[in-house]
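Structural description and commentary
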Amino acid sequence: VPYWGTCALLAFSVRTALLPIAIHGASAAADLAKVSPEVQFLVSMYQRDVVKLRDMKADFQTRSDHLKLSLKNLRGIYQRYNVKPYRVLISPLMQLPIFWYFATDIRKIIKGSNPQLAQNLETGGALWFPDLTEPDPWYVLPVIAGILLYTNVEFA
């Protein structure tokens, strides 16, 4: 298998292996989106009340009690719908070390930790990117990635 095919196959394999984590993250984001209108209403009410308390020159304790009550209401909304807002962060935090590893490992290879492999990558490209150690000179791959990301966001 040529190196460009190996890179594509590896990227596809890693993304496929991480698909369950991505689905979990999307599910958590959808759950959070369901309660978003109520949370936004609560936030706007809190902001309005803060302005009123400031205009009335309320003491620190009154403002603190109001904040605690608002947070209690927020927790109540999340409990009523069984939503855990921090669940949204699990997916990216679990994927981050994997992509960090691949990025640093590829950088080490290109910078010469394995000269034979780096030499093979310089001649192992295809089509408009013959050198896999250099960025895409025509920006075709970043544009395709951007279009796919936009399509994913719009239709997901």
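First, a word on what this report is: a plain description of the structure on this page. Not measured: the values here are computed from a predicted model.

Across its full length, the protein chain holds six helices and zero strands. The order of helices and strands in the protein chain, counted from the N terminus, is α-α-α-α-α-α. Relative to its length of 156 residues, the protein chain is extended, with a C-alpha radius of gyration of 24 Å against a globular reference of 15 Å. A buried classification covers 18% of the 156 residues belonging to the protein chain. Taking as baseline every contact in the protein chain between residues at least 6 positions apart, the subset at least 24 positions apart corresponds to 62%. Summed over its atoms, the accessible surface of the protein chain is roughly 12000 Å², and 68% of this surface lies on carbon and sulfur atoms. Within the protein chain, one finds 16 positive and 12 negative side-chain charges whose respective centroids are separated by 13 Å.

Bringing the layout of surface pockets into the picture now. As a volume, the largest pocket reaches approximately 1700 Å³. Forming the boundary of the largest pocket are 43 residues, of which Cys7, Ala8, Ala11, Arg15 and Phe99 lie nearest the centre. For the lining of the largest pocket, the secondary structure elements donating two or more residues are α1 (3-17), α2 (19-55), α4 (90-113), α5 (115-123) and α6 (140-155). Here the lining of the largest pocket takes 11 residues from α4, the largest share from any one element.

Take the packing of aromatic side chains next. Under the defined criterion, the tally for this structure stands at one aromatic pair. An angle of 70° between the planes, with centres 5.5 Å apart, marks the rings of Tyr101 and Phe102 as edge-to-face. What makes Phe102 partly exposed here is its relative accessible area of 24%.

What follows is about the nonpolar core. Among the nonpolar cores identified, the biggest contains six residues, and these are Val35, Val39, Leu42, Ile77, Tyr78 and Val83. Taken together, the elements giving at least two residues each to this core come down to α2 and α3 (60-80). A per-element tally of this core places α2 first, with three residues. Excluding anything up to four places from it in sequence, Leu42 contacts Ser70, Asn73, Leu74 and Ile77.

What follows deals with the pattern of salt bridges. Taken as a whole and assessed by the stated rule, the structure comprises four salt bridges. Between Asp49 and Arg48 there is a salt bridge, with its nearest N and O atoms 3.1 Å apart. Here the residues in one salt-bridge network are Asp31, Lys34 and Arg87, joined through shared partners.

Let's shift gears to unusual backbone geometry. Non-glycine residue Lys57 carries a positive phi angle of around 55°. Checked against the element boundaries, Lys57 lands in the loop between α2 and α3. Residue Asn82 is not a glycine yet carries a positive backbone phi of 55°. With respect to the helices and strands, Asn82 occurs in the loop between α3 and α4.

Parameters at a glance
Residues numbered from 1 in each chain as written. Predicted model: local features only at pLDDT ≥ 70, side-chain atom pairs only at ≥ 80, totals over all residues. Heavy atoms only, no water. Helix = DSSP H or I, 4+ residues; strand = E, 2+ residues; numbered from the N terminus. Rg over C-alpha atoms; globule rule 2.2 N^0.38 Å. Buried < 20%, exposed > 50% of the residue type's maximum accessible area, 1.4 Å probe, protein only. Contact = heavy atoms within 4.5 Å. Areas by Shrake-Rupley, 256 points an atom, 1.4 Å probe, with all protein chains shown as cover. Lys, Arg positive; Asp, Glu negative; His and termini not counted. Charge placed at Lys NZ, Arg CZ, Asp CG, Glu CD. 1 Å grid on protein atoms, 1.4 Å probe; cavity = no way out; pocket = protein on both sides within 12 Å on 5 of 7 lines; lining within 4 Å. Points joined across faces, edges and corners; volume = space filled by probe spheres on them. Phe/Tyr/Trp six-rings, centres within 6.5 Å; stacked < 30°, edge-to-face > 60°. Core = buried A, V, L, I, M, F, W, Y, C linked by side-chain atoms within 4.5 Å. Salt bridge = Lys/Arg side-chain N within 4 Å of Asp/Glu carboxyl O.

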